[in-house]
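Here's the letter readout for the chains.
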Amino acid sequence: MATQAVSISNLGFHYPGTSKPVFQHLDLNVAAGDRFGLFGPNGAGKTTLMNCMTGLLSFKEGSIHLFDKEIRNQRSVKELFGFVPQDFSFYHELSPVDNLSFFGAWSGLKKAAIKQRTEELLEVLDLKEVYNKPVHKFSGGMKRKVNLAIGVIHQPKLLFLDEPTVGVDVQTRHVIIEYLKKLNRNGTTLIYTSHQLNEAEELCNTIALIDEGRIIAHDLLTNLLVEHKEDGLEGLFINLTGKKYNDAGCIN
Amino acid sequence: MYKLRATILKDIRILFRDKVGLIFMFGMPIILAVVITALQNSTFELVNDNKVPLLLCNRDTGEAGKQLVTAIEKVGLFNMKQVIGNKTEKEISDRMHAKDALIAIIIPANFSADMNVKAKNISGKALNELGLETDSINTNKETIESITLMYHPVLQESFRQSIKGALRSALQLVATKQILKALYFSLNEKQLPPDLEQEIVSNEIGINEIPISRDGSRNIPNSTQHNIPAWTIFAMFFVVISLGSSVVKEKVTGSFVRLKTLPTNYMVALLSKQITYLIVTLAQAAVIFSIGIWLFPTLGLPALNLPSDLGGLFLVSLITGWCAVSFAICIGVFSNTLEQANGIGAVSIVLLAAIGGLLVPSFAMPASFQVLLRLSPLHWCLEAFYGLFLEGGKLKDILINILPLFAITVIFQLIALAGLKTKNLI
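Residues numbered from 1 in each chain as written. Chains lettered and ligands numbered in written order. Predicted model: local features only at pLDDT ≥ 70, side-chain atom pairs only at ≥ 80, totals over all residues.

Q: Help me out: how do you make sense of the overall build of chain B in this one?
A: When helices and strands are tallied, chain B shows 16 helices and four strands. Computed over C-alpha atoms, the radius of gyration of chain B comes to 31 Å, more than 25% over the 22 Å expected from 2.2 N^0.38 for 426 residues, which places it beyond the range of a compact globule. Taken along the three principal axes of its C-alpha coordinates, chain B extends 105 × 45 × 40 Å. Of all 426 residues assigned to chain B, the portion counted as buried reaches 37%. Partitioning the intrachain contacts of chain B with sequence separation of at least 6 by distance along the chain shows that 80% fall at a separation of at least 24. (Helix = DSSP H or I, 4+ residues; strand = E, 2+ residues; numbered from the N terminus. Rg over C-alpha atoms; globule rule 2.2 N^0.38 Å. Buried ≥ 20, exposed ≤ 12 C-beta atoms within 10 Å, placed from the backbone. Contact = placed C-beta atoms within 7 Å.)

Right under this line is the structure:
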């Protein structure tokens, strides 16, 4: 049996002050080494699920294990994963090097390791020329690269990516996707969510579709396309989730 | 330890890139300290050294009027400009509006005559009391027409009162002279000799002013000794603008989200902020004290004298800084936007400063505020600094101020932690 990077069992969650649960009895497994995509309409619960998996939201029902370690109340589990949030989560006044130094230390790296990883990341993500400039002067694409670099500085076994390429040009998207594939080849499990379905098709081998807090499909992307007689993720998405708008559900 | 070092380095880098914050923390209090001390110093000098411009309109042609003019001159408070006696109040008022003078005194035309009558009446009564016969009592004329004191509305009440007091002294002197002369004449049938008159009315008893101090020194407190501690505290608490904003920025820019996913406790970040900004507050104190010691004398202002207990001064500065930092973190934790942090932070510091006696002396506050001021940390900071700077006290003398300050600081820390917990930030 393959090692599970993520194992969610019987998860129940609702936001404080609301009676309607976002999830009830949700189960999901992601195998180690997968490039896993989590998709669904707005308000389906993708971000909430990702926040539960990264420990940002605390839940009372069920369990989430990352590489067999329970996410709740275990600091050591946080060393296993990296997180690339949709929002730019760094210090805009600081340069990429300063940001990486700080977040590297907080990720548990020592000075020498931070220096080595910083040089590697600046090179591979094409940030060498601006390594010492404050990030607030950067374009959206460059900021996305910095956001990604911070998430992977400690070479996590598992990487959560929430819309990692939103708002970037084709070239930057290509650099980011190629780098993510490289990370995966080196053993990092990817958990990815996005509305860029073409990009998702290119990156993900396994997907799950979530709608109204339930997993409605979960398999290899190729299997799902064959099963539902679709030739792309967009068609599959519409086929399984319907055409109705679901934005009102986004308001918690 | 490496995490803490990296975090402090990050906070220092962010701080140095926040030019506006640095100006707020260092520039503004320095400007305030220089300007307020200079203004207050000139107010002291206005009272003590400079002369208040005064228009004097003597409508009286008699001896008592002249004596009163001389007595007013001798008060030493005024730069007197005499105007001719036929000027109307309107004309005098116009000159005052033109800022020719802030005060005008009008001596009524029959001042000497009235004064003579009153002096004779009093001397007559005195002789009667002694069993001597006299015919000098005039029961028809007992009151003297008032002296008119006109003042510019910019003059504060307390200053007007001191001018009135000086004028009363001058009047008292004239009245005493007149009574003495009348009494002497009644007894001796001749004028009082000038040297005897001078000997009788001159006041040889001096007033020895001694500022109290714990260390026995008799340094006279000046505006610098008063202002530098007050504005240093104000400056230290103004880190709320930079630190409060830093905490809010961390929350709203999403850095918090990432920090929460990392294997490091957010308490490291809080500790780092406290250490960084504590260093900033101590640097502020050092800069402002240095300005008081070295820059003020070159600007013609009194130099700051550091207290003898430098260890005590360091400890008070340290706890004041820690309290300021704790307060700033509280503001940052409970504010949701930068505007809230800046607005609430700045207004609350001014309020706490006002309540704490930094803007108005605490002894001059109404009774209800005497209780309220104990809730302001700035009050305890000021009392502790004054204990060292003005009273020449040692650390043991100001413990009574440090302990409440320490307690308030701990309360701020607990409130900040509770806020972080409630908001699911730790």
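Q: Looking at this model, I keep getting lost on the nonpolar core. Mind explaining?
A: One finds I191 of chain A together with I233, F237, F238, V239, V240 and A328 of chain B to be the most contacted residues of the largest nonpolar core, which totals 138 residues. In terms of residues, this core owes the most to one element, helix α12 (residues 310–334) of chain B, which gives 13 residues. In terms of nonpolar packing, the next biggest core, distinct from the first, is built from 27 residues, A119, I163, L173 and V174 of chain B among them. (Core = buried A, V, L, I, M, F, W, Y, C linked by C-beta atoms within 7 Å.)

Q: Hey, could you run me through the sheet that holds strand β2 (residues 23–31) of chain A in this one?
A: What links the strands of a sheet is backbone hydrogen bonding, and the strands pair in either a parallel or an antiparallel sense. Residues and elements named next belong to chain A. The four strands lie next to each other as β2-β1-β4-β5, forming an open sheet whose pairing is antiparallel. Across the chains shown, the open sheet's two edge strands, defined by having one partner strand only, are β2 and β5 (69–70). Where strand β1 (residues 4–13) meets β2, six bridges bridge the pair, whose relative direction is antiparallel. Paired with S7 across the two strands is N29, which belongs to β2. Where helix α1 (residues 46–53) meets the sheet, it contacts β1 and β4 (61–66), and its direction lies at approximately 115° from that of β1. (Pairing = 2+ DSSP bridges. Axes fitted to C-alpha atoms, helices over the stretch in contact; angles between N-to-C directions.)

Q: Would you mind showing me how to read the packing of α12 of chain B against helix α16 (residues 395–422) of chain B here?
A: The relative placement of two packed helices comes down to the angle between their axes together with the axis-to-axis distance. Residues and elements named next belong to chain B. Where α12 meets α16, the closest approach of the two axes is 9 Å, and the angle between their N-to-C directions is 20°. Considering their axes alone, α12 and α16 lie roughly parallel with respect to each other. Both α12 and α16 take part in a crossing whose hand is left-handed. Classifying every residue of the contact of α12 with α16 by side-chain character gives 20 nonpolar, six polar and no charged. (Parallel < 35°, antiparallel > 145°, perpendicular 65-115°, else oblique. Left-handed = near helix turned anticlockwise from the far one by under 90°. Nonpolar A, V, L, I, M, F, W, Y, C, P; charged D, E, K, R; others polar.)

Q: Please explain the interface of chain A and chain B as it appears in this structure.
A: Note: interface size is frequently given as the accessible area lost on complex formation between the parts. Every contact between the two is made by 28 residues of chain A and, on the other side, 19 residues of chain B. For the side of chain A that touches chain B, the per-class residue count stands at 12 nonpolar, eight polar and eight charged.

Q: Just to check I follow, could you spell out the confidence of the model for chain B for this structure?
A: For residues with low pLDDT, the predicted coordinates do not support detailed interpretation. Confidence in the prediction for chain B averages 84 pLDDT; 92% of positions are at 70 or higher. This complex was scored by the predictor with a pTM of 0.76 and an ipTM of 0.85. (pLDDT = per-residue confidence, 0-100.)

Q: Looking at this model, I keep getting lost on the sheet that holds strand β2 (residues 78–83) of chain B. Mind explaining?
A: Residues and elements named next belong to chain B. On the basis of which strands lie adjacent, the open sheet formed by four strands has the order β2-β1-β3-β4 and mixed pairing. Each having just a single partner strand, β2 and β4 (148–151) make up the two edges of the open sheet. Neighbour to neighbour, the strand axes of the sheet diverge by 20° on average, direction disregarded. Of the pairings in the sheet, the one linking strand β3 (residues 103–107) to β4 comprises four bridges and is antiparallel in character. Residue pairing in the sheet places A104 in a bridge with M150 of β4.

Q: Where do I start with helix α5 (residues 111–129) of chain B in this structure?
A: It helps to recall that an α-helix has 3.6 residues per turn; residues three or four apart then point in one direction. All names here are of chain B. The end-to-end C-alpha separation of α5 is 27 Å, in line with the 27 Å expected for 19 residues at 1.5 Å each. For α5, the set of buried residues is F111, S112, M115, V117, K118, A119, K120, S123 and G124. Looking at the buried positions of α5, the neighbouring elements they touch are α3 (63–75), β3 and α6 (157–188). One or two steps after α5, the chain reaches G131, where phi turns positive at roughly 85°. (Expected span 1.5 Å × (residues − 1).)

Q: Is there a simple way to explain helix α3 (residues 111–124) of chain A in this structure?
A: Residue and element names in this part refer to chain A. Taking 1.5 Å of rise per residue, 14 residues should cover 20 Å, and α3 covers 20 Å from first to last C-alpha, within 8% of that figure. All buried positions along α3 are accounted for by I114, T118, L121 and L122. Down the axis, α3 shows its buried residues gathered within 95° of arc, on one side only. Seen from the buried face of α3, the exposed residues on the opposite side, beyond 90 degrees, are A112, Q116 and E123. Turning to α3, the residues buried within the fold contact α2 (96–106) and α4 (140–152). Looking one or two residues beyond α3, the residue adopting positive phi is D126, at roughly 60°. (Arc of directions from axis to C-beta.)

Q: Please clarify how the confidence of the model for chain A should be interpreted in this entry.
A: Per-residue confidence for chain A gives a mean pLDDT of 86; residues scoring 70 or more make up 95%. Low pLDDT, under 50, characterises residues 248–252 of chain A; the predicted model gives this stretch six contacts beyond four residues in sequence or across chains.

Q: How should the pairing of strand β3 (residues 35–39) of chain A be read in this particular structure?
A: Two faces belong to every sheet, and in a regular strand the side chains alternate between them. Residues and elements named next belong to chain A. The element β3 is extensively covered by neighbouring structure, given that five of its five residues are classed as buried. By the alternation rule, side chains of β3 split into R35, G37 and F39 and F36 and L38, which are all buried. Bridge count between β3 and strand β8 (residues 189–193): three bridges; the pairing is parallel. Opposite G37, over in β8, you have Y192 as the bridge partner. Judged from the four bridges that link them, β3 and strand β9 (residues 206–211) form a sheet pairing that is parallel. From the neighbouring strand, L38 faces β9, where its bridge partner is A208.

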